[in-house]
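# Analysis of the macromolecular model
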Amino acid sequence: MLSSARAWEVLATVPDPEIPVLSVCDLGIVRHVQADDEGVAVTLTPTYSGCPATEAIAADVRAALVEAGAGSVEVQTRLDPPWTTDWISEAGQEKLRRYGIAPPHTLQPGAPRPVRLVPRAVACPRCASKRTTRLSAFGSTACKALYRCEDCREPFDYFKPL
Amino acid sequence: MAETREPRLEYVLRLGDSALVLGQRLSEWCGHAPVLEEELALANTALDLLGQARLLLTRAGQMEGAGRDEDALAFLRDPQAFRNVTLVELPNGDFARTVLRNLLFCAFQEQLWAGLRASSDAELAAIAAKSAKETRYHVEHAADWCVRLGDGTDESHQRMQEALDTLWPYTAELFTADAVDEAAAATGFGPAWASLEAGWQKLVRPVLEEATLAVPAPTAFRSTGKGGVHSEHLGHLLALMQTLPRSHPGARW
């Protein structure tokens, strides 16, 4: 038997497979947890449609809860409302920065966005310089862009706002 | 021969198959892109499109009610049962043609998702809201390259212009109204594709203009992929994509 509070604690220890410094809770993809005598039901919202980690995350969540003593575990997927980087917790943003990934800018819902690229001041997660250049709109995964710091000369990933 | 007749199912297959086939085409660039960064960009775009296709084909399978899932629809249908627009099945050509096609098609998807958010089908509306966020990045990436290459060297400009001359006639299919389109619009299932042309032109034309490219005059040519009549290229693409599941039915990773 697992309480909801305990289930949340367990989920806070399940890492994202691509960015293991973040838990699934930091990432903001756990949308709902319901625990009762029957077991635990968890609702997850995927990040990108094509994210190859989605199925691994569901399996990891299930395994962690079973390990912690939840009787039966049901993992549901909910698309709507769609995941946004605004759901990454503040603690998660700081973890990203320390890990060497510049955290995403906050989105303004409904704000118009031009078609062409608008250069943004993305601070280098290593030296905090804002003199950085985007090398590619797509980095090592769909959720990141590749940047270079013009001061410390290190390349780094930027978590793209979504 | 058309394999399915229900207009709403046809409509979802058009969306899902177009995303699937373009995703497959873009993944052909793996190991061949001009620079590593573009290798990653094209592969990531392909992955998003495949993700969208999975959601859409899963929905199509549910609507069909014949027990077919995303895999059965992707891997076990023959070319004439596919409902993707012809534009996305054409060979990649060079990098210019690839990024121009991404601009033309992904800008169309952007219009589609916006209209589909009001779909009477809650699942389709959710897929649209999710996909819209990804598609913006695809459009931005393609638009940046179209301008850089179109307004670039003589060689890159010429290749972009050739790409536009080749691909532009295939965009007419996107906006050609038919019974599937009308039924979807009439029932609030999804926007009539013909109604998306103005918004699409408004998005695409300024980019092409900035890229110093000349938009070809309209022609009477109409490709017919969304009706199930494809170019010879789709069969080859599907043969490669489907060979593993067809050779080893039920195989699991």
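Residues numbered from 1 in each chain as written. Chains lettered and ligands numbered in written order. Predicted model: local features only at pLDDT ≥ 70, side-chain atom pairs only at ≥ 80, totals over all residues.

### A few points about the overall build of chain A
The helix and strand tally for chain A stands at four helices and seven strands. Listed N to C, the secondary structure of chain A is α-α-β-β-α-β-α-β-β-β-β in terms of helices and strands. Overall, the C-alpha framework of chain A stretches about 55 × 30 × 25 Å when taken along its three principal axes. Residue burial in chain A is summarised as follows: out of 162 residues, 40% are buried. In chain A, the share of contacts with a sequence separation of at least 24, taken over all contacts with a separation of at least 6, comes to 53%. (Helix = DSSP H or I, 4+ residues; strand = E, 2+ residues; numbered from the N terminus. Buried ≥ 20, exposed ≤ 12 C-beta atoms within 10 Å, placed from the backbone. Contact = placed C-beta atoms within 7 Å.)

### As for the domain arrangement of chain A
Domains assigned within chain A are domain 1 (4-83) and domain 2 (100-159). Distance between the C-alpha centres of domain 1 of chain A and domain 2 of chain A: 28 Å. (Domains from an automatic or database assignment.)

### Remarks on the environment of B:Trp113
Residues and elements named next belong to chain B. Turning to its location among the elements, tryptophan 113 is positioned in helix α4 (residues 95-116). C-beta crowding within 10 Å serves as the criterion here: with 23 such atoms nearby, tryptophan 113 is assigned to the buried category. Considering only alpha carbons, one finds tryptophan 113 and alanine 184, 71 residues apart in sequence, at a separation of 14 Å. Setting aside anything within four residues of it in sequence, one finds tryptophan 113 in contact with Ala128, Ser131, Ala132 and Thr135.

### Considering the interface of chain B and chain A
In this assembly, 26 residues from chain B lie in contact with 20 residues from chain A. Secondary structure elements with two or more residues in the side of chain B that touches chain A: α2 (36-64), α5 (122-150) and α8 (197-210) of chain B. Residue contributions to the side of chain B that touches chain A peak at 14 residues, all from α5(B). Taken together, the residues of the side of chain B that touches chain A sort by class into 13 nonpolar, five polar and eight charged. (Nonpolar A, V, L, I, M, F, W, Y, C, P; charged D, E, K, R; others polar.)

### Some words on the pairing of strand β6 (residues 144-149) of chain A
Residue and element names in this part refer to chain A. Of all six residues in β6, five are buried, a share of seventy percent or more. Pairing geometry for β6 and strand β7 (residues 155-159), over five bridges, is antiparallel. Each residue of the ladder has a partner; that of lysine 144, found in β7, is phenylalanine 159. In this structure, the hairpin formed by β6 and β7 is closed by a connection of five residues, where arginine 153 is found at a positive phi of approximately 65°. (Pairing = 2+ DSSP bridges.)

### A few points about helix α1 (residues 4-11) of chain A
The set of residues buried in α1(A) consists of A:Ala7, A:Val10 and A:Leu11. All buried residues of α1(A) lie within an arc of 100° about the axis, which places them on one face of the element. (Arc of directions from axis to C-beta.)

### Brief notes about unusual backbone geometry
Residue A:Asp80 is joined to A:Pro81 through a cis peptide bond whose omega torsion reads 0°. The residue A:Pro81 is located in the loop between β3 (72-77) and α4 (90-99) in this model. Positive phi values are uncommon outside glycine, yet A:Arg153 reaches one of about 65°. As for its placement among the helices and strands, A:Arg153 is situated in the loop between β6 and β7. The backbone of B:Thr212 sits at a positive phi, close to 60°, despite the residue not being glycine. Along the polypeptide, B:Thr212 turns up in the loop between α8 and α9 (233-247). Taking the C-beta count within 10 Å as the criterion, B:Thr212 has 13 such neighbours and is therefore assigned partly exposed.

### Digging into helix α6 (residues 154-167) of chain B
Turn by turn, an α-helix covers 3.6 residues, leaving residues three or four places apart pointing in a common direction. Look at α6(B): 20 Å from first C-alpha to last across 14 residues, which is about the 20 Å you get at 1.5 Å a residue. On its buried face, α6(B) sits against α4, α5 and α8 of chain B. (Expected span 1.5 Å × (residues − 1).)

### Considerations on the sheet that holds strand β2 (residues 39-44) of chain A
Residue and element names in this part refer to chain A. A sheet is described by the order of its strands in space; here three strands give the open sequence β1-β2-β3, paired in mixed fashion. Strands at the two margins of the open sheet, each flanked by one partner only, are β1 (30-36) and β3. Direction aside, the axes of adjacent strands within the sheet are offset by 15° on average. Sheet topology places β2 next to β3; six bridges connect them, and they run parallel. Among the inter-strand pairings, leucine 44 is bridged to a residue of β3, identified as threonine 77. Contacts from α1 reach β1 and β2, with the element oriented near 135° to β1. Of the strands in this sheet, β2 and β3 are in contact with helix α3 (residues 54-67), which crosses β3 at around 155°. (Axes fitted to C-alpha atoms, helices over the stretch in contact; angles between N-to-C directions.)

### Re the packing of α4(B) against α6(B)
Any two packed helices are characterised by the angle at which their axes cross and by the distance between the axes. Residues and elements named next belong to chain B. Viewed as axis vectors pointing N to C, α4 and α6 meet at an angle of 50°, and their least axial separation amounts to 9 Å. One element, α4, and the other, α6, form an angle in the oblique class. Between α4 and α6 lies a crossing of right-handed hand. Residues Ala96, Arg97, Leu100, Arg101 and Leu104 of α4 pack against Ser156, Arg159, Met160, Ala163, Leu164, Thr166 and Leu167 of α6. Classifying every residue of the contact of α4 with α6 gives seven nonpolar, two polar and three charged. (Parallel < 35°, antiparallel > 145°, perpendicular 65-115°, else oblique. Left-handed = near helix turned anticlockwise from the far one by under 90°.)

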